[in-house]
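# Observations on the three-dimensional arrangement
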Amino acid sequence: MDLPERVLPRISSRLGLNRIIFAPYTSAQITTILKESLLPTIFGDGASKLFEDQALDLCSRKTAAVSGDLRRALEMCKLAATLAKGQKVDLHHVAEASVKMSSSPMHQFLKNNSMDEKAVMNTAATIVRDYGSEVLIERLLSGVKVDHGVKYSEARQAMLSLISMNILTRTGPTTVALNISLADGLS
């Protein structure tokens, strides 16, 4: 969230530049939130019987080690429950869910792209989310420069590379469209 940096200096002086930085959740916090709030909401009152304590601890530790993001922990729990097929979710199911989450085709694809290509995809996803399906090339390239510090020529080369991989498609002389869903992890 870089709103203060984007607004004019006279406006930002009136707004103040107080930032609140949220630290990632710890393993213990993730376990508590999963047990007390999220899992009962999704799986009903029997959620405590559905998951072994060790399985939730493993899920929490893996999530805290990577990002501390509760959405990731919840996604891992859902996938582990699906893999358990109605049985009690144990360490094996959580470990398998963790491997599947980190080896998804989208994850592997994103892992292998250059930083410039990731910056272009991230900026395109943000523009699509905020303004609609088509992205003005000029807005995309200037956004990559402002948001990620990538030179215009390097951003253009990364954009052309993504077009050749069919991640972006030219929809007109001055516009491109993103060919992958924001749900695939780009937002």
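Residues numbered from 1 in each chain as written. Predicted model: local features only at pLDDT ≥ 70, side-chain atom pairs only at ≥ 80, totals over all residues. Heavy atoms only, no water.

### Comments concerning the overall build of the protein chain
- Across its full length, the protein chain carries eleven helices and three strands.
- Its helices and strands in sequence order give the protein chain the pattern α-α-α-α-α-α-α-α-α-β-α-α-β-β, from N to C terminus.
- Put simply, the protein chain has 187 residues, and 32% of those count as buried.
- Accessible surface computed for the protein chain: about 11,600 Å², of which carbon and sulfur atoms make up 55%. (Helix = DSSP H or I, 4+ residues; strand = E, 2+ residues; numbered from the N terminus. Buried < 20%, exposed > 50% of the residue type's maximum accessible area, 1.4 Å probe, protein only. Areas by Shrake-Rupley, 256 points an atom, 1.4 Å probe, with all protein chains shown as cover.)

### Quick look at the sheet that holds strand 1 (residues 134–136)
- Within the open sheet, the three strands sit side by side as 1-3-2. Their pairing is antiparallel. What marks the edges here is a single partner per strand, and that holds for strand 1 and strand 2 (168–170). Put simply, the sheet's adjacent strands are angled 35° from each other on average, direction ignored.
- Judged from the three bridges that link them, strand 1 and strand 3 (residues 175–178) form a sheet pairing that is antiparallel. Each bridged residue has a counterpart across the sheet, and for leucine 136 the counterpart in strand 3 is threonine 175.
- Against the sheet, helix 10 (residues 137–148) contacts strand 1, strand 2 and strand 3, and its axis sits at roughly 70° relative to strand 1.
- On the sheet, helix 11 (residues 152–164) packs against strand 2 and strand 3 and is oriented at approximately 95° with respect to strand 2. (Pairing = 2+ DSSP bridges. Axes fitted to C-alpha atoms, helices over the stretch in contact; angles between N-to-C directions. Contact = heavy atoms within 4.5 Å.)

### A word on helix 3 (residues 27–43)
- Compared with the 24 Å implied by 1.5 Å per residue over 17 residues, the 21 Å span of helix 3 between its first and last C-alpha is markedly short.
- Against the buried residues of helix 3 lie helix 4 (47–50), helix 5 (53–66) and helix 6 (70–84).
- Looking one or two residues beyond helix 3, the residue adopting positive phi is glycine 44, at roughly 85°. (Expected span 1.5 Å × (residues − 1).)

### Thoughts on unusual backbone geometry
- One non-glycine residue, lysine 85, lies in positive phi territory at about 50°.
- Structurally, lysine 85 can be placed in the loop between helix 6 and helix 7 (91–102).
- Residue class for lysine 85 comes out exposed when judged on its relative accessible area of 73%.
- Positioned with a positive phi, asparagine 166 is a non-glycine residue whose angle comes to about 65°.
- By the element assignment, asparagine 166 lies in the loop between helix 11 and strand 2.

### Considering the pairing of strand 3
- The two faces of strand 3 match: Thr175 and Ala177 on one face and Val176 and Leu178 on the other face are all buried.
- Where strand 2 lies against strand 3, three bridges are found, and the strand directions are antiparallel. Within strand 3, the residue paired with arginine 170 across the bridge is valine 176.
- In textbook terms, the turn of a hairpin is the stretch between consecutive antiparallel strands, and for strand 2 and strand 3 this stretch comprises four residues.

### Observations concerning the packing of aromatic side chains
- Tallying each qualifying case throughout the model produces zero aromatic pairs.
- Arginine 139 extends its terminal NZ or CZ atom over the ring of tyrosine 131, reaching a point 4.3 Å from the ring centre. (Phe/Tyr/Trp six-rings, centres within 6.5 Å; stacked < 30°, edge-to-face > 60°. Lys NZ or Arg CZ within 6 Å of the ring centre and 35° of its normal.)

### Some points on the side chain of asparagine 113
- By the element assignment, asparagine 113 lies in the loop between helix 8 (105–112) and helix 9 (115–131).
- Apart from the residues within four sequence positions on either side, asparagine 113 is in contact with Lys118, Met121 and Leu162.

### Some thoughts on the packing of helix 5 against helix 7
- Viewed as axis vectors pointing N to C, helix 5 and helix 7 meet at an angle of 25°, and their least axial separation amounts to 8 Å. Looking at the two axes, helix 5 sits roughly parallel to helix 7. Pair helix 5 / helix 7 crosses with right-handed handedness. Contact residues: helix 5 offers Gln54, Ala55, Leu58, Cys59 and Lys62, while helix 7 offers Leu91, Val94, Ala95 and Ser98. (Parallel < 35°, antiparallel > 145°, perpendicular 65-115°, else oblique. Left-handed = near helix turned anticlockwise from the far one by under 90°.)

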